[in-house]
Amino acid sequence: MDNRPQILITGWMPKEGRDILEEYCDLDFCNSEKPLSKTELIQRAKNKDGVVIFMTDTIDKEVIQACNNLKVISSFGKGFDNIDVEECAKRGIAVTINKNSLTEDTADMAMGLALANARNILIGDSEVRKGTTRGWQPKKNLGRSFNHSNLGIIGYGEIGKAIAKRAKGFSMTTYYYDPTVESVSWGAHKCEKLEEMFSKCDFIMITANLNKNSYHLVNRDNISYMKQGAFVVNVARGSIVDEKAIEEALDANKISGYASDVFAFEDKLAKECPQYISSGLLEKTEKTVFTPHLGTGTVETRKELSISTAKGMLSVLKGEETEQLITSGEANMN
Ligand SMILES: O=C(O)[C@H](O)CO
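Just so it is clear, the model here is predicted, and its values are computed rather than measured. (Residues numbered from 1 in each chain as written. Predicted model: local features only at pLDDT ≥ 70, side-chain atom pairs only at ≥ 80, totals over all residues. Heavy atoms only, no water.)

Novice: So what's going on with the sheet that holds strand β11 (residues 255-260)? Residues and values would help.
Specialist: Spatial strand order, β8-β7-β6-β9-β10-β11-β12: seven strands in an open sheet with parallel pairing. For this open sheet the edge positions go to β8 (189-190) and β12 (288-290), each flanked by a neighbour on one side alone. Most of the contacts of helix α7 (residues 158-169) go to strand β6 (residues 150-154), to which it runs at about 170°, and overall it touches β6, β7 (173-177) and β9 (203-206). (Pairing = 2+ DSSP bridges. Helix = DSSP H or I, 4+ residues; strand = E, 2+ residues; numbered from the N terminus. Contact = heavy atoms within 4.5 Å. Axes fitted to C-alpha atoms, helices over the stretch in contact; angles between N-to-C directions.)

Put into structure tokens, the structure is as follows:
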């Protein structure tokens, strides 16, 4: 790097990553938790060599075309459904993501959501706080066992495998659906068809990338193959499920629960662009558990993400190889 590259960081990012970048680059750091508007984003990114972006930014064709000096976009995360990767590839802009930094915490979150949902942890918490319980009762709030159940994982990448590792500790039998992966790690059984997996599993966990193949992958048709009373857990992207179909399946008692950290309203790819979670889902407090995209929300993981994002960007700027690089919008499901 002859001249110091000019880098925009579009939002707040832990100091550790900024320090790494600052050694080699000049930073324009938006120290804010509120995403930049498209106009502000273009304004600040257009003369930069690199941009660190977050899942709340939309890097579409218009942004990419307006920033014709850009050499690298580094996402502070793993998902890249908010970036027009094909347009980047066409224009020779490198895109880096974080393949491993968030694996373990996201897998923990999936297990936590499943347990909270199936074991009525939030309902119990609410009763204790309201003083509407006498403590132990013989048949009130009975949940379903998580241990020794059948688990189905959609998307068997790093997060899927980290969930399967945890499932072993719960003595679960694990299946996965991922056409791009052949793996027997953690004793998981591959299912060629989603319907086949659905028909076997008590818990379904979604960890796949959102792209045009996985959009509404869990839909009205294939929910009908799910075991009566199954639980669905989503730590990937809201639009991988058809939220309306989930709502109907809960109403019909086809499934017992939906626990999700992610929502269609967050997704740039969502065709229907909902404003928020439907009131129909929100009202089902006994059957649903929701968290506001906290899968990577630990001090440790956010720090690790900042370091790894900075390193990914520097590798590109220095012309070094990095496994963080992605080149096509149709990368596999992991
Ligand atoms: O894809 C990701 O990186 C996460 O969902 C955002 O924290």
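Continuing now.
Novice: Describe the pairing of β11, naming the residues involved and giving the relevant values.
Specialist: Most of β11 sits inside the fold, with five of its six residues counted as buried. Pairing of strand β10 (residues 230-234) with β11, which is carried by five bridges, proceeds in the parallel orientation. What sits directly across from F231, in β11, is G257. Once the chain exits β10 it traverses helix α10 (residues 243-251) before rejoining the sheet at β11, and the crossover so formed is right-handed. (Buried < 20%, exposed > 50% of the residue type's maximum accessible area, 1.4 Å probe, protein only. Right-handed = clockwise from strand over helix to strand, strands pointing away.)

Novice: Summarise the pattern of salt bridges; cite the residues concerned and give the values.
Specialist: In total, this model carries 21 salt bridges according to the counting rule given. Put simply, E62 and K38 hold a salt bridge, and the shortest N to O gap is 2.9 Å. Of this pair, E62 sits in helix α3 (residues 61-66) while K38 is found in helix α2 (residues 38-45), placing the two residues 24 residues apart along the sequence. Judged by its relative accessible area of 33%, K38 is partly exposed. With a shortest N-O distance of 3.4 Å, K244 and E247 are connected by a salt bridge. Here E247 and K244 lie together in helix α10, a separation of three residues that amounts to about one turn. Several salt bridges converge on common partners, so that one network encompasses E104, D108, K165 and R166. (Salt bridge = Lys/Arg side-chain N within 4 Å of Asp/Glu carboxyl O.)

Novice: Can you break down the sheet that holds strand β5 (residues 94-96) residue by residue, with the values?
Specialist: The pairing of strands in a sheet comes from backbone hydrogen bonds and takes either a parallel or an antiparallel form. The strand order across the open sheet built from six strands is β2-β1-β3-β4-β5-β13, with neighbouring strands paired in mixed fashion. Pairing within the sheet leaves two strands with one partner each, and these edge strands are β2 (26-29) and β13 (325-326). This element, helix α1 (residues 15-22), spans β1 (6-9), β2 and β3 (50-53) of the sheet and lies at about 145° to β2. Relative to the sheet, α2 contacts β1, β2 and β3, its axis offset from that of β1 by approximately 160°.

Novice: Report on the side chain of N82, specifying residues and quantitative values.
Specialist: Along the polypeptide, N82 turns up in the loop between β4 (72-75) and α4 (85-90). A relative accessible area of 5% places N82 in the buried class. Reaching out from N82, the side chain makes a polar contact with the backbone oxygen of M55 at a distance of 3.5 Å. For N82, the side chain forms a polar contact with the main-chain oxygen of D57, separated by 2.9 Å. (Polar contact = N/O pair within 3.5 Å; in protein donor to acceptor, adjacent residues only side chain to side chain.)

Novice: Which residues make up the domain arrangement of the protein chain, and what are the values?
Specialist: Per the domain assignment, the segments of the protein chain are domain 1 (6-101 + 299-330) and domain 2 (103-290). Computed from C-alpha atoms alone, the centre-to-centre distance between domain 1 and domain 2 is 30 Å. Taken residue by residue, the interface counts 14 residues in domain 1 and 14 residues in domain 2. At the boundary of domain 1 with domain 2, total buried surface from both sides reaches about 1,200 Å², with 41% on carbon and sulfur atoms. Here domain 1 and domain 2 share two salt bridges between them. In this structure, the salt-bridge partner of R237 is D81, at a minimum N-O distance of 3.1 Å. Here domain 1 is connected to domain 2 by five residue pairs in polar contact (both at pLDDT 80 or more). Considering only residue class, the side of domain 1 that touches domain 2 consists of two nonpolar, seven polar and five charged. (Domains from an automatic or database assignment. Buried area = accessible area lost by both parts, 1.4 Å probe. Nonpolar A, V, L, I, M, F, W, Y, C, P; charged D, E, K, R; others polar.)

Novice: Help me get a handle on the site of the ligand, residues and values and all.
Specialist: In the neighbourhood of the ligand, the contacting residues comprise M55, G77, K78, G79, L102, R237, H293 and T296. G79 has a polar backbone atom sitting 2.8 Å from an oxygen atom of the ligand. Within the side chain of T296, an N or O atom sits 3.1 Å from an oxygen atom of the ligand. For the ligand, the accessible surface in isolation is 240 Å², of which the surrounding protein chains cover 86%. For the shell around the ligand, the class distribution of residues is two nonpolar, four polar and two charged. (Near = heavy atom within 4 Å. Areas by Shrake-Rupley, 256 points an atom, 1.4 Å probe, with all protein chains shown as cover.)

Novice: Explain the nonpolar core residue by residue, including any values.
Specialist: If you look at the biggest cluster of nonpolar residues, it comprises 44 residues, and the most contacted ones within it are L21, V52, L151, I163, F203 and M205. Broken down by secondary-structure element, the contributors of at least two residues to this core are β1, α5 (103-118), β6, α7, β9, β10 and α12 (299-317). Looking at which domains feed residues into this core, each of domain 1 (6-101 + 299-330) and domain 2 (103-290) supplies at least three. Listed in part, the 30 residues of the second largest apolar core include Y177, M197, I240 and V241. (Core = buried A, V, L, I, M, F, W, Y, C linked by side-chain atoms within 4.5 Å.)

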